[in-house]
Amino acid sequence: MENYFNKIIELFAKHDVSTSSQNEFYRWLTGEKFSGEKDQALRNLWNNMADSTPAEVSYETRQSLNEVRKKIRQRPRKVNTKRLLFWQISAASLLIALLSTLYFAAGKKSANTDLIEQYTPIAEMTYLTLPDGTKVQMNSTATLLYPEQFTGESRSVYLIGEANFKVAKNKKLPFIVKSNDFQVTALGTEFNMKAYPGDPALSTTLLSGSVEVRFNNLASALILKPNEQFTYNKQTKEETISRPDIDEVTAWQRGELVFKSTTLKEIITVLERKYPYSFVYALNTLKDDKYTFRFKDKTSLREVMDIIAEVSGHIKYRIENDKCYISPL
Amino acid sequence: MNTEAYRTEFEEIFIQYFPKVKAFAAILLKSEQEAEDVAQDIFVKLWEQPDLWEGYLVRNYLYTMVKNHVFNRIKRKNIEFKYINSQMNLHSLDEIAEFKDPLNEIYHEELQLLLKLSLEQMPDKRRQVFEMSRFQDLSNHEIAEKLNLSVRTVEQHIYLALKELKKLFLIAIFLMKF
């Protein structure tokens, strides 16, 4: 049966296909059903493609490298070199620790089957159960790396983005969620963790039980009580503890959108994760005014934008294909 | 690691993997330009994630990234997905698979897509005859009349089409069982 999946992908890869077949293929490929088998077939295709060696670098690849270099230079520099260096070392050591818990403790088993990545595309949510029974709900564009089986002294996973964890109780094996800038250790508990690379601040909110949060290159630690939220600002390296409205923290899990005194720019960052549209606007169109909105599950982008345009009073919008254009009124 | 070493390491990874990432995206998106955009975006992001440059991890991470980017693009295309031609029913699939396999029902969607993609690789006339015969239920005589062919030619086309499809499906089924 696996072979049906490989064969479909092989046929599509090798030949020119009609637009209608291409669309059928896309619908099938991105469909929920048998997503594991489809992923495996795609992975086979990927694994069968050779890496390149420096000897065979083509002119086009050089060209692409130059363009990528240019794009990197144009990006706003978030950290200076010295900090980057420091951060790299800490990230590398963190990763080595993660890797050793994930792979090497697993013994002689091939590393190839060990690590699983779960990604949630734009405009979707993923529910999954980890090998230890921990239930995870992942928000749009989040990535979770976890081992096929937990071995060793702890249960470690790596999160980029936002997710809610209902940790299966196991006092002997602490459950650790790592991200670039902090990590959370739990025994049996429920918490929400938000660590999108693009956001200036990361946060974790404890819903029940207790967790330990480590940050500042794992040098500082503190214990959260239920309903407390830990926020860490990546730029200023400042941490705060607050008691937010839990209903608001978990709103995304019910599909709701909640913004509390949030700028339009921040709102758009969230909308871009939630809806499959990219936003086009000039930065000076968006003022720094802060807004509070609450939208129900399944509100369309049009409804959301209608209300935002109405309330802000200084912008208008237009949706065309997969783009949402925002311009001054 | 100083800035220079950082840059050198990034370039090594770029040279090793960029062509592969781009080729993979191009296979799925069927567009060189889109594939180039996807691959460049991924490597711009990778620059900021040096903790993921580790050998095994980067390969795995790049696969995930390219898959996600491609899936996002596919979703953004806002394709109005229509269900596969309903005239392609299980009956015609059973004929090709030669025996009734309970798995064929489970993998109905896969078999249909496989059939559609395989049909497209056939010569036009052969495909047309086969579709008229099996999906529109026309008799060989009716097809011959409509396409201005001899009945014998129509039979020949159907025979060849079935032979080709059976071969393909047998390979799929054979490999699946062992």
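Since this is a predicted model, take the numbers as computed values, not measurements. (Residues numbered from 1 in each chain as written. Chains lettered and ligands numbered in written order. Predicted model: local features only at pLDDT ≥ 70, side-chain atom pairs only at ≥ 80, totals over all residues. Heavy atoms only, no water.)

S.K.: Even after reading the chapter, I still don't get unusual backbone geometry, so can you show me in this structure?
M.R.: Leave glycine aside and you will find that most residues have negative phi; peptide bonds, for their part, are mostly trans. Its identity is not glycine, yet A:S261 carries a phi of approximately 25 degrees, on the positive side. The residue A:S261 is located in strand β14 (residues 257–263) in this model. The exposure class of A:S261 is partly exposed, given its relative accessible area of 44%. Positive phi is not limited to glycine here, since B:K30 has a value of about 55 degrees. Tracing the backbone through its elements, the reader meets B:K30 in the loop between α1 (3–29) and α2 (32–47). Accessibility expressed as a relative area gives 28% for B:K30, which makes it partly exposed. (Helix = DSSP H or I, 4+ residues; strand = E, 2+ residues; numbered from the N terminus. Buried < 20%, exposed > 50% of the residue type's maximum accessible area, 1.4 Å probe, protein only.)

S.K.: Would you take a moment to explain the side chain of A:T299 for this structure?
M.R.: Within the secondary structure, A:T299 sits in the loop between β16 (290–295) and α8 (301–312). Beyond its immediate chain neighbours, meaning those up to four positions away, A:T299 contacts A:Y275 and A:V304. (Contact = heavy atoms within 4.5 Å.)

S.K.: Would you explain helix α3 (residues 35–47) of chain A in this entry?
M.R.: Over its 13 residues, α3(A) runs 18 Å from end to end, which matches the ideal 18 Å to within 8%, given 1.5 Å per residue. Considered for burial, the residues of α3(A) that qualify are A:K38, A:D39, A:A41, A:L42, A:R43, A:L45 and A:W46. (Expected span 1.5 Å × (residues − 1).)

S.K.: Sorry, what's going on with the interface of chain B and chain A here?
M.R.: Many descriptions give the size of an interface as the accessible area lost when the pieces come together. Contacts between chain B and chain A engage 73 residues on the former and 78 residues on the latter. Taking both partners together, chain B and chain A bury about 7600 Å²; carbon and sulfur atoms supply 63% of that area. Sorting the residues of chain B by area buried against chain A places B:K20, B:Y63 and B:R76 first, and these three jointly supply 10% of that buried surface. Remark: the boundary between chain B and chain A carries 5 salt bridges. A salt bridge links B:K116 to A:E24; its shortest N-O distance comes to 3.6 Å. Between the two partners, chain B and chain A, sit 19 residue pairs in polar contact (both at pLDDT 80 or more). The set of elements that each furnish at least two residues to the side of chain B that touches chain A consists of α1, α2, α3 (55–76), α5 (102–106), α6 (108–120) and α9 (151–177) of chain B. Considering each element in turn, the side of chain B that touches chain A owes the most residues, 17 residues, to α1(B). (Buried area = accessible area lost by both parts, 1.4 Å probe. Salt bridge = Lys/Arg side-chain N within 4 Å of Asp/Glu carboxyl O. Polar contact = N/O pair within 3.5 Å; in protein donor to acceptor, adjacent residues only side chain to side chain.)

S.K.: Looking at this structure, how should I read the nonpolar core?
M.R.: Ranked by size, the top nonpolar core spans 80 residues in total, and within it A:F25 and B:F43 carry the most contacts. Those residues in contact with A:F25, other than ones at most four positions away along the chain, are A:I8, A:I9, A:F12, B:L28 and B:L113. (Core = buried A, V, L, I, M, F, W, Y, C linked by side-chain atoms within 4.5 Å.)

S.K.: Help me out: how do you make sense of empty space enclosed by the protein in this one?
M.R.: In this approach the atoms are scanned with a rolling probe the size of a water molecule, which exposes any empty space left behind. All names here are of chain B. Under the definition given, this model contains 4 cavities of 30 Å³ or more. Looking at the largest cavity, its volume works out to about 60 Å³. The dominant element in the lining of the largest cavity, judged by the number of residues it contributes, is α3, at 6 residues. In terms of residue class, the lining of the largest cavity is built from 5 nonpolar, 4 polar and 1 charged. (1 Å grid on protein atoms, 1.4 Å probe; cavity = no way out; pocket = protein on both sides within 12 Å on 5 of 7 lines; lining within 4 Å. Points joined across faces, edges and corners; volume = space filled by probe spheres on them. Nonpolar A, V, L, I, M, F, W, Y, C, P; charged D, E, K, R; others polar.)

S.K.: I keep staring at the environment of A:F230 and nothing clicks. Help me out?
M.R.: Residues and elements named next belong to chain A. Relative to the helices and strands, F230 resides in strand β12 (residues 229–233). In this structure the C-alpha to C-alpha distance between F230 and T204, which are 26 residues apart in sequence, comes to 5.3 Å. Setting aside its immediate chain neighbours within four residues, F230 contacts F182, L202, S203, T204, V213, F215, L222, L224, E239, T240 and I241.

S.K.: What's the story with α2(B) in this structure? I'm lost.
M.R.: Taking 1.5 Å per residue, 16 residues should reach 22 Å; α2(B) reaches 23 Å between its end C-alpha atoms and fits that length. B:E34, B:A35, B:E36, B:V38, B:A39, B:Q40, B:I42, B:F43, B:V44, B:L46 and B:W47 are the residues of α2(B) that are buried. On its buried side, α2(B) packs onto α4 (59–74) of chain A together with α1 and α3 of chain B.

S.K.: I'm lost on the packing of aromatic side chains in this one. Help?
M.R.: For any pair of aromatic rings, geometry is given as the distance between the ring centres together with the angle between the planes. In the structure shown here, the tally under the stated rule is 28 aromatic pairs over all chains. For the pair B:F14 and B:F43, a centre-to-centre distance of 5.0 Å together with 65 degrees between the ring planes defines the contact as edge-to-face. You can see B:F14 sitting in helix α1 and its partner B:F43 sitting in helix α2, a full 29 residues away along the chain. Note on accessibility: B:F14 and B:F43 belong to one class, buried. Centre to centre, the rings of B:F130 and B:F135 are 6.1 Å apart; their planes meet at 90 degrees, and the pair counts as edge-to-face. With relative accessibility at 7%, the residue B:F135 sits in the buried group. Of the aromatic side chains, those joined through ring pairs into one cluster are B:Y6, B:F10, B:F14, B:F18, B:F43, B:W47 and B:W53. In this arrangement the basic side chain of A:R273 is found over the ring face of A:Y196, its NZ or CZ atom lying 3.4 Å from the centre. The ring centre of A:Y325 lies 4.5 Å from the NZ or CZ of A:R318, which sits over that ring. (Phe/Tyr/Trp six-rings, centres within 6.5 Å; stacked < 30°, edge-to-face > 60°. Lys NZ or Arg CZ within 6 Å of the ring centre and 35° of its normal.)

S.K.: Would you mind going over the pairing of β12(A) with me for this structure?
M.R.: Residues in a regular strand project their side chains so that they alternate between the two faces of the sheet. Residue and element names in this part refer to chain A. With 4 of 5 residues buried, β12 lies mostly within the body of the structure. Sheet topology note: the strand β9 (residues 201–208)/β12 ladder contains 5 bridges and is antiparallel. Among the inter-strand pairings, L202 is bridged to a residue of β12, identified as Y232. Two strands pair when backbone bridges link them, and β12 and strand β13 (residues 239–242) are joined in this way by 4 bridges, in the antiparallel orientation. Paired with Y232 across the bridge in β13 is E239. (Pairing = 2+ DSSP bridges.)

S.K.: Whenever I open this one, the side chain of A:D39 confuses me. Can you help?
M.R.: Within the secondary structure, A:D39 sits in helix α3. Classification of A:D39 by relative accessible area gives buried; the value is 16%. Residues contacting A:D39, with those up to four places away along its chain left out, are B:Y63 and B:K67.

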